[in-house]
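# Summary of structural features
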Amino acid sequence: RMAAAPPSYCFVAFPPCSKDGLVVFGKNSARPRDEVQEVVYFAAADHDPGSKVECTYIEIEQVPKTHAVVLSRPSWLWGAEMGANEHGVCVANEAVVTREPASESEALLGMDLVRLGLERGATAKEALDVIVALLEEHGQGGNYYEDGSSCHTFQSAFLIVDRNEAWILETSGKYWAAEKITEGVKCICNQLSLTTKIDAEHPELRNYVKSQGWWNGDSDFNFSEVFSLADDHLVCCSGKESLEKQGGDVSAQAMIDVLRDKDSGVCVDSECFLTTASIVSVLPQDPSFPCVHYFTGTPDPSRSIFKPFIFVDDVKLVPKVQSPSFGNDDPAKKIPRFQEKPDRRHELYKAHEWARSLLENDQDKGQKLMRIMLELEKQGLEAMEDILTRTEVLDPAEVVDLFYDCVDTELKFFK
């Protein structure tokens with residue numbers, strides 16, 4: 001039987017469920033337990049005509065201009081599990097299993113499509129159009145894990161969000177369907193969720209499934225029913241209720257609380273998988289306010305701190321949450337791939353490992369450290385709340401070092 005897809009969860013909340021004209025987005029990235037995620041920023045850039053971009057496994061045509069992006073990504077690959085761009089677009093992906101086996105041939109990974117959508121789309125719909133066009137042209141496939149002994153392949157689902165709307169995009173091979181969301185709370189996890197409300201789809205989707213004998217055309221077309229493996233179509237979203245219970249008050253803090261919840265299964269900590277990184281983004285519907293993106297950069301959000309990032313020109317880079325680079329010697333870039341696993345831990349990850357062992361071995365000290373850390377996080381959340389409620393325009397100088405300083409302070413506490 002196919003390996004189960006890692007049980008990541010993504011959420012979006014729109015007014016009236018969320019606070020004061022804010023769209024709130026969140027994702028826990030469940031990945032193999034020992035995989036390191038880094039947080040990286042790439043500035044907007046212009047590219048020469050005819051230039052190429054080297055994705056995780058394949059090279060594709062570059063576009064004339066790419067947007068600035070901030071990404072949380074497994075540090076061996078090119079793409080990202082989740083991230084945001086300077087225009088307030090957020091994208092997260094989910095590995096899904098469908099009745100169509102995912103391709104082992106190296107093509108674009110779901111994670112590459114996250115980054116490509118962010119670099120090339122200034123709205124959620126533009127990012128969706130970018131992703132499906134690249135899917136059509138290059139296909140998806142290749143190993144999802146840094147594993148030389150076996151190839152783990154999945155199809156992809158995406159949650160694509162901006163200040164005005166969200167799109168749930170679900171794919172199988174190059175075929176896809178999407179639903180547009182503008183209100184309420186939505187959750188996607190590692191199985192198909194689209195049913196009969198489809199707002200955009202691959203032009204050949206219905207003909208294709210008819211030709212496969214998966215749908216006869218007489219009943220309503222239900223994407224999940226047609227594409228899911230027989231026993232797989234369950235309702236997955238345990239975190240959705242907790243967000244709906246907030247009754248119009250979903251904030252960054254509420255989203256963080258949901259992502260930290262182990263009892264609901266949203267915060268994964270199992271034999272094979274761990275929530276290796278998390279993101280929460282707050283997108284004000286009023287474009288005169290900045291979007292705020294909180295990243296952990298460390299595993300297990302119940303023991304991590306969400307640190308804010310705001311896009312401004314010349315934002316300060318944060319090498320302490322970046323993994324070492326191995327250039328062309330990286331075993332992920334050599335064929336055959338993944339013949340060895342280099343140490344990809346960044347400085348914050350190493351410090352966090354120490355803190356984790358303290359939490360496990362010395363309850364008192366561990367709890368005390370955690371209390372200090374949460375106080376630090378709360379200060380960050382309150383400072384951001386202030387930025388999102390004041391009347392004067394944000395001075396970029398005020399936040400150019402924001403994420404850098406938060407990481408720095410966290411490291412000082414660990415030391």
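Scroll up a little and you will see the structure.
The present account deals with the structure reproduced in this document. Because the structure is a prediction, the values reported are computed rather than measured.

### Structural notes on helix H6 (residues 252–259)
- Within H6, six of the eight residues are buried, leaving the element largely enclosed by the surrounding structure.
- Along H6, the residues classified as buried are Ala252, Ala254, Met255, Ile256, Val258 and Leu259.

### Comments concerning the packing of aromatic side chains
- What the rule picks out here adds up to 14 aromatic pairs.
- The rings of Tyr41, Phe295, Phe309, Phe311 and Phe403 are connected pair by pair, giving a single aromatic cluster.
- Over the ring of Trp167 we find Lys125; its NZ or CZ atom is 5.8 Å from the centre of that ring.
- Residue placement shows Lys316 over the ring face of Tyr404; its charged tip is 3.9 Å from the ring centre.

### Examining the sheet that holds strand S8 (residues 69–74)
- In space, the eight strands of this open sheet follow the order S3-S8-S9-S10-S11-S12-S13-S15, with antiparallel pairing throughout. Either end of the sheet is taken by a strand with one partner, and the two such strands are strand S3 (37–42) and strand S15 (200–201).
- Inspection of the sheet shows strand S11 (residues 155–161) paired to strand S12 (residues 166–172) by five bridges, in the antiparallel sense. Each bridged residue has a counterpart across the sheet, and for Ala157 the counterpart in S12 is Glu170.
- The strands touched by helix H2 (residues 124–138) within the sheet are S11, S12 and strand S13 (175–181), with S12 carrying the most contacts at an inclination of about 10 degrees.

### Describing helix H1 (residues 110–120)
- Counted residue by residue, H1 has 11 buried out of 11 residues, so it is predominantly covered.
- Within H1 the residues assigned to the buried category are Gly110, Met111, Asp112, Leu113, Val114, Arg115, Leu116, Gly117, Leu118, Glu119 and Arg120.

### Quick look at the pattern of salt bridges
- Per the stated rule, a full pass over the model turns up 29 salt bridges.
- Glu165 is the salt-bridge partner of Lys180, the closest N and O atoms lying 3.3 Å from each other. In this pair, Lys180 sits in strand S13 while Glu165 sits in the loop between S11 and S12, placing the two residues 15 residues apart along the sequence.
- On the basis of relative accessible area, Lys180 is assigned to the partly exposed category, the value being 34%.
- Here Glu165 falls in the buried class, since its relative accessible area comes to 15%.
- Ionic pairing is found between Arg260 and Glu377, a salt bridge with its closest N-O pair at 2.6 Å. Of this pair, Arg260 sits in the loop between H6 and strand S16 (273–284) while Glu377 sits in helix H8 (residues 363–389), placing them 117 residues apart in sequence.
- Residue class for Arg260 comes out buried when judged on its relative accessible area of 14%.
- What emerges from the salt-bridge pattern is a single network uniting Arg33, Lys262, Asp269 and Asp300.

The rules behind these values
- Residues numbered from 1 in each chain as written.
- Predicted model: local features only at pLDDT ≥ 70, side-chain atom pairs only at ≥ 80, totals over all residues.
- Heavy atoms only, no water.
- Buried < 20%, exposed > 50% of the residue type's maximum accessible area, 1.4 Å probe, protein only.
- Helix = DSSP H or I, 4+ residues; strand = E, 2+ residues; numbered from the N terminus.
- Phe/Tyr/Trp six-rings, centres within 6.5 Å; stacked < 30°, edge-to-face > 60°.
- Lys NZ or Arg CZ within 6 Å of the ring centre and 35° of its normal.
- Pairing = 2+ DSSP bridges.
- Contact = heavy atoms within 4.5 Å.
- Axes fitted to C-alpha atoms, helices over the stretch in contact; angles between N-to-C directions.
- Salt bridge = Lys/Arg side-chain N within 4 Å of Asp/Glu carboxyl O.

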